[in-house]
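# Architecture and fold: a report
If you want the building blocks of each chain, they are given just below.
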2 protein chains.
Amino acid sequence: MEIKVNTGILSQNDRKAAENREIFDRSGLLVINIMGSPGAGKTTILEKTIDLLARQIRLAVIEGDIYTSKDARRIEKYGVPVKQINTGGACHLDAAMVAKVLGYFNLPALDLLIIENVGNLVCPVEFNLGEDIKVAVLSITEGDDKPLKYPLLFRESGVVLLNKVDLVEFTDIDMEVLHRDIRLINPECAVFEVSARTGRGIEEWAGWLTEKIKKSIQGA
Amino acid sequence: MEIKVNTGILSQNDRKAAENREIFDRSGLLVINIMGSPGAGKTTILEKTIDLLARQIRLAVIEGDIYTSKDARRIEKYGVPVKQINTGGACHLDAAMVAKVLGYFNLPALDLLIIENVGNLVCPVEFNLGEDIKVAVLSITEGDDKPLKYPLLFRESGVVLLNKVDLVEFTDIDMEVLHRDIRLINPECAVFEVSARTGRGIEEWAGWLTEKIKKSIQGA
């Protein structure tokens, strides 16, 4: 019975995600959906990425949070359009929530729309938003067992950002295990070691993203 | 419509949790429900706590995970009874899942039953399991903004363990903000700074827990 209900909600979400997808395609922009645990460093990575890209890429941000606007206020400082979605208790964004705020942006004038999801390694990946690429952020302080314990996000993501690598030497993490298990789950995805705090690896990740944006614009 | 469905599932869970609660009361043991983000350090804290308490306290463990038995295998090494629950995709334990495995334990012979929930800062707290005390584990590497962003777990918890404090000096965390915001949300809860890796603070937390167990046994 419960499964039936969930299936209903999911396929309803998939329909709405397909509508978002059409809008994004018509507008010719790349859309990424950033997911990861609370505190994995999604917003800090976003800040560093915007700092690097905002002069050459026309971008906007949707911030997903349960209650607060803390992250949106952080992004506003960079002078890019940002819209907050508060889920009011829900542990993930869904396609309908995203659809509701798309009117706030001039989508055809954008190259990149970044959606930062609610901090949660489990639920958000089950709800497509119509994005081109899912981005997984994992802090190395979370431990090397996380890809096998929470495989779905890693399986679905086009790129994995291993954040806080400046802390590797102070933890018991085995980076080889981490890379091996991500490859096991998803041999195709790009993986970058980054430190949003020190800036390490951000240029490489931003370069990869820029290539994807170029291809998206050529394809449109 | 969706809200109706959720309310139904929740009150069904509350009924089942009340049944668990009766069983626990009859058995005269303390039950704790440990929650926190993936990688907050729940299992490592558990290992250190068991190592300290298992000689004087009769305890058993229920391990909640989505797919794997990695955590249960870690706990088995300590020679305490442990039962794995795999939620098969669900992002939290519910009272019915817990009820199903209670038969594996000789509950009246126990002082303490520890339930480690699925790694998730959002959903598990919405599902009572019949426990006496909710325990929140937050790694300081997750950042000092987490209590205000995910208030429900902190509001409901009897104790908050701030883990990985050995990493404070390598991060930008403001411990005063963290303590202040937890107090703001929940003036009553106990808060311990711990490092499961170095052992710091584990004795203080285990001492607090032992006091609660004693009171529970006296009350039974």
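Scroll up for the structure.
Residues numbered from 1 in each chain as written. Chains lettered and ligands numbered in written order. Predicted model: local features only at pLDDT ≥ 70, side-chain atom pairs only at ≥ 80, totals over all residues. Heavy atoms only, no water.

### Brief notes about the overall build of chain A
Of the regular secondary structure elements, chain A holds eight helices and seven strands. Taking 220 residues into account, the globule formula puts the C-alpha radius of gyration at 17 Å, and chain A, at 17 Å, falls close to it. Seen through its principal axes, chain A has C-alpha atoms that stretch 50 × 45 × 35 Å. When the 220 residues of chain A are sorted by exposure, 59% land in the buried category. Here chain A has roughly 9,300 Å² of accessible surface; of this, 50% comes from carbon and sulfur atoms. (Helix = DSSP H or I, 4+ residues; strand = E, 2+ residues; numbered from the N terminus. Rg over C-alpha atoms; globule rule 2.2 N^0.38 Å. Buried < 20%, exposed > 50% of the residue type's maximum accessible area, 1.4 Å probe, protein only. Areas by Shrake-Rupley, 256 points an atom, 1.4 Å probe, with all protein chains shown as cover.)

### Regarding the packing of helix α2 (residues 42-53) of chain B against helix α8 (residues 202-219) of chain B
Residue and element names in this part refer to chain B. Following both chains from N to C, one finds α2 and α8 inclined at 65°, their axes separated by 10 Å at the closest point. Considering the angle they form, α2 stands roughly perpendicular to α8. As α2 runs across α8, the sense of the crossing is right-handed. Across the interface between the two elements, Ile45, Lys48, Thr49, Leu52 and Leu53 of α2 pack against Ile202, Glu203, Trp205, Ala206, Leu209 and Thr210 of α8. (Axes fitted to C-alpha atoms, helices over the stretch in contact; angles between N-to-C directions. Parallel < 35°, antiparallel > 145°, perpendicular 65-115°, else oblique. Left-handed = near helix turned anticlockwise from the far one by under 90°. Contact = heavy atoms within 4.5 Å.)

### Remarks on the interface of chain B and chain A
Taken together, the 37 residues of chain B in the interface contact 37 residues of chain A. Between chain B and chain A lies a buried interface of about 3,000 Å² when both sides are counted; carbon and sulfur atoms form 59% of it. When the buried surface of chain B facing chain A is broken down by residue, Pro38, Lys149 and Phe170 of chain B rank first, second and third, together holding 20% of it. Across the chain B-chain A interface, the total number found is six salt bridges. Between Arg197 of chain B and Asp172 of chain A there is a salt bridge; the shortest N-O distance is 3.0 Å. Our count for the chain B to chain A interface comes out at 11 residue pairs in polar contact (both at pLDDT 80 or more). Those elements that place two or more of their residues in the side of chain B that touches chain A are α1 (2-27), α3 (70-76) and α5 (146-149) of chain B. Along the lines of polarity and charge, the residues of the side of chain B that touches chain A split into 15 nonpolar, eight polar and 14 charged. (Buried area = accessible area lost by both parts, 1.4 Å probe. Salt bridge = Lys/Arg side-chain N within 4 Å of Asp/Glu carboxyl O. Polar contact = N/O pair within 3.5 Å; in protein donor to acceptor, adjacent residues only side chain to side chain. Nonpolar A, V, L, I, M, F, W, Y, C, P; charged D, E, K, R; others polar.)

### What to know about the environment of Phe105 of chain B
All names here are of chain B. Take Phe105: it is sitting in the loop between α4 (95-101) and β4 (112-116). Here Phe105 falls in the buried class, since its relative accessible area comes to 10%. Linking Phe105 and Ile62, residues 43 residues apart in sequence, is a C-alpha distance of 9.9 Å.

### Notes on helix α7 (residues 175-185) of chain B
Residue and element names in this part refer to chain B. Restricting attention to buried positions, one finds in α7 the residues Met175, Leu178, Asp181, Ile182 and Ile185. The buried residues of α7 occupy an angular sector of 135° when projected down its axis, which confines them to one face. Opposite its buried face, α7 presents the exposed residues Glu176 and Leu184, each directed more than 90 degrees away. Structurally, α7 contributes buried residues whose contacts are with β5 (133-139), α5, α6 (151-156), β6 (159-163) and β7 (190-193). (Arc of directions from axis to C-beta.)

### Quick look at unusual backbone geometry
In the Ramachandran plot, Lys164 of chain A falls in the positive-phi region, its phi being about 65° despite a non-glycine side chain. Looking at where Lys164 of chain A falls in the secondary structure, it is placed in the loop between β6 (159-163) and α7 (175-185).

### Points about the environment of Asp172 of chain B
Among the structural elements, Asp172 of chain B can be located in the loop between β6 and α7. Exposure remark for Asp172 of chain B: the relative accessible area of 61% places this residue in the exposed category. Here the alpha-carbon distance between Asp172 of chain B and Asn86 of chain B, two residues 86 residues apart in the chain, equals 36 Å. Sequence-distant contacts of Asp172 of chain B, that is, excluding residues within four places in its chain, are made with Arg197 of chain A together with Asp144 of chain B. There is a polar contact of 3.0 Å between the side chain of Asp172 of chain B and the side chain of Arg197 of chain A.

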